[in-house]
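A structural walkthrough
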Amino acid sequence: PPGRKVLIVYAHQEPKSLNGSLKRIAVEELSKQGCSVTVSDLYAMQFEPRATRNDIVGCLHNSEEFNYGVETWEAYKRGGLSSDLIEEQKKVQEADLLIFQFPLYWFSMPAIMKGWMDRVLVQGFAYELPNCYDSGLLKNKLALFSFTTGGSREMYAKGGISGDIRYLLWPMQHGIMHFCGVKVLAPHICFAPEYVSEEKRKEMLTAWAQRLKTLWKEEPINCSPEWYFK
């Protein structure tokens, strides 16, 4: 609906890739609906994935012994995080929906995207103990993981060699997004695009465009271990 804000966090090196096309379609389709869409193109931004002392501007809370979690929490409270983090947090804060678009690397997200999670979702901003899971600080937001795999749908079935694809979504959807209070829409998975025909890849893009048309009517998944492991 008009006025909704979307942030697409995108991790792929090649604009002409299927991931690049999926990202482009999301921008086009959501903009057409009147949403305002922002993209964090992590590779193009040369986003820094490492969690280091450089993320804190000015004096450390404890200069004797460096603790990243404590230091970023303290820095967040006094507005002393590095400018790249402040910028990403602002985009997250304003977004109603976060879309993560990436190729699956080793059952997980690419390092540059994991680094975005590690550095952007700091304590004080995304969660505040005991305010996590349903009371996480990013509640009232939605997230959607849209990704491509190398393995086929059969490999990622419950009885398949790789196990149910939902097992790998547990750390990403539950351990990160739900922990921060974000509600999660069903993932959008394009299985093994490299091993299918051009026609099938076009169908994958069409299916994504179709889904985006009614995305705002979707209900989030049941954020419980049952969804992943039953």
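We now turn to the structure provided with this report. (Residues numbered from 1 in each chain as written. Predicted model: local features only at pLDDT ≥ 70, side-chain atom pairs only at ≥ 80, totals over all residues. Heavy atoms only, no water.)

Attention shifts here to the overall build of the protein chain. In terms of regular secondary structure, the protein chain is built from seven helices and six strands. In the protein chain, the succession of α and β elements from N to C terminus is β-α-β-α-α-β-α-β-α-β-β-α-α. Relative to the 2.2 N^0.38 estimate, which gives 17 Å for 230 residues, the radius of gyration of the protein chain is 18 Å and therefore close to what a compact globule would have. Based on the C-alpha atoms only, the size of the protein chain along its principal axes is roughly 60 × 40 × 30 Å. Put simply, the protein chain has 230 residues, and 50% of those count as buried. Considering only contacts within the protein chain whose residues lie at least 6 apart along the sequence, 76% involve residues at least 24 apart. (Helix = DSSP H or I, 4+ residues; strand = E, 2+ residues; numbered from the N terminus. Rg over C-alpha atoms; globule rule 2.2 N^0.38 Å. Buried < 20%, exposed > 50% of the residue type's maximum accessible area, 1.4 Å probe, protein only. Contact = heavy atoms within 4.5 Å.)

This next bit is on the side chain of S146. Checked against the element boundaries, S146 lands in strand β4 (residues 142-148). Exposure remark for S146: the relative accessible area of 0% places this residue in the buried category. Among the polar contacts listed, one links the side chain of S146 to the side chain of Q101, at a separation of 2.6 Å. S146 has contacts with I99, F100, Q101, F102, H188 and W208, leaving out every residue within four places of it along the chain. (Polar contact = N/O pair within 3.5 Å; in protein donor to acceptor, adjacent residues only side chain to side chain.)

Of the consecutive residues L129 and P130, the connecting peptide bond is found in the cis state with omega at 5°. Its location among the elements puts P130 in the loop between α4 (111-120) and β4. With a phi close to 50°, W106 is a non-glycine residue in the positive phi region. Within the fold, W106 resides in the loop between β3 (97-103) and α4. You will see that N140, though not glycine, has its phi angle at about 75°, which is positive. Among the secondary structure elements, N140 is positioned in the loop between α4 and β4.

A separate point is the packing of helix α3 (residues 83-94) against α4. Look at α3 against α4: their axes get within 10 Å of each other, and the N-to-C directions meet at 90°. In terms of axis orientation, α3 runs roughly perpendicular to α4. Seen from α3, the contacting residues are D84, L85, E88, Q89 and V92; seen from α4, they are W116, R119 and V120. Counted by class, the contact of α3 with α4 contains four nonpolar, one polar and three charged residues. (Axes fitted to C-alpha atoms, helices over the stretch in contact; angles between N-to-C directions. Parallel < 35°, antiparallel > 145°, perpendicular 65-115°, else oblique. Nonpolar A, V, L, I, M, F, W, Y, C, P; charged D, E, K, R; others polar.)

Moving on: the packing of aromatic side chains. Within this structure, the stated rule accounts for 15 aromatic pairs. A ring pair is formed by Y156 and F191, whose centres lie 6.2 Å apart and whose planes are at 40°; its orientation type is tilted. One end of the pair, Y156, is in the loop between β4 and α5 (165-177); the other, F191, is in the loop between β6 (188-190) and α6 (198-213), with 35 residues separating them in the sequence. Assessed through its relative accessible area of 12%, F191 is described here as buried. Between the aromatic rings of Y167 and F229, the centroid separation amounts to 5.8 Å while the plane-to-plane angle is 20°, which identifies the pairing as stacked. Of this pair, Y167 sits in helix α5 while F229 sits in helix α7 (residues 225-229), and the two are 62 residues apart along the sequence. By way of ring pairs, the aromatic residues F100, F102, W116, F145 and F147 are connected into one cluster. (Phe/Tyr/Trp six-rings, centres within 6.5 Å; stacked < 30°, edge-to-face > 60°.)

Here we take up helix α1 (residues 18-32). Residues spaced three or four apart along an α-helix point in a common direction, a consequence of the helix completing one turn every 3.6 residues. Here α1 is 15 residues long and its end C-alpha atoms lie 21 Å apart, about the 21 Å a rise of 1.5 Å per residue gives. When we look at burial in α1, the residues that qualify are L18, N19, G20, S21, L22, K23, I25, A26, E29 and L30. Buried residues along α1 sit in contact with β1 (5-10), β2 (36-41), β3, β4, β6 and α6. (Expected span 1.5 Å × (residues − 1).)

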